[in-house]
Amino acid sequence: MAGVNKVILVGNLGKDPEVRYLDNGVAVANFSLATTENYKNKEGERVSQTEWHNIVLWRGLAEVAEKYLKKGASIYVEGKIKTRKWEDKEGVTRYTTEILGDNMTMLGGKPSSQNTDKIDSQLEDPKDDLPF
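Caption draft 1: Focus on the nonpolar core. Counting 17 residues, the largest nonpolar core has Leu13, Phe31, Leu33, Ile55, Leu57, Leu69 and Ile75 as its most contacted members. Broken down by secondary-structure element, the contributors of at least two residues to this core are strand 1 (7-13), strand 3 (27-40), strand 4 (46-58), helix 1 (59-68), strand 5 (73-87) and strand 6 (93-109). With four residues, the top contributor of residues to this core is strand 3. Sequence-distant contacts of leucine 69, that is, excluding residues within four places in its chain, are made with Leu13, Pro17, Phe31, Val64, Ile75, Met104 and Met106.

Caption draft 2: Broad picture of the pattern of salt bridges. Applying the stated rule across the entire model yields four salt bridges. In this structure, glutamate 78 engages lysine 6 in a salt bridge whose closest nitrogen and oxygen atoms are separated by 2.9 Å. In this pair, glutamate 78 is assigned in strand 5 and lysine 6 in the segment before strand 1, connecting sequence segments 72 residues apart. Lysine 15 is the salt-bridge partner of glutamate 18, the closest N and O atoms lying 3.3 Å from each other. The class for glutamate 18 is partly exposed, based on a relative accessible area of 48%.

Basis of the calculations
Residues numbered from 1 in each chain as written. Predicted model: local features only at pLDDT ≥ 70, side-chain atom pairs only at ≥ 80, totals over all residues. Heavy atoms only, no water. Core = buried A, V, L, I, M, F, W, Y, C linked by side-chain atoms within 4.5 Å. Buried < 20%, exposed > 50% of the residue type's maximum accessible area, 1.4 Å probe, protein only. Helix = DSSP H or I, 4+ residues; strand = E, 2+ residues; numbered from the N terminus. Contact = heavy atoms within 4.5 Å. Salt bridge = Lys/Arg side-chain N within 4 Å of Asp/Glu carboxyl O.

Purely geometric numbers; function is a separate question.
See the structure below:
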């Protein structure tokens, strides 16, 4: 029986994507994505639990990430889990688990403080010219 390695995440970028281009011109983007689960514990208190995921996008998706994604942006990512193994400068074997994204949709981000101020001022001074 074949296995299934499928991940679906909806979260917010923890930092701007770091994009690099390989010698052959292929783009690779790396960034962290936070997913947060909210629930009430046994005592009835609200608990917020955040998980951080390392996301890797290749080629066209990496170029889209470079152009449009910023820290705080909300995105939907589909991909698969991949664990890499390497040796650091001291010769110690290290492991990293990443999500290799093969589909990404921008959902919108947190509003900037400038946009929030504009929205707040519009709410404080309603100029309703609607006829009803």
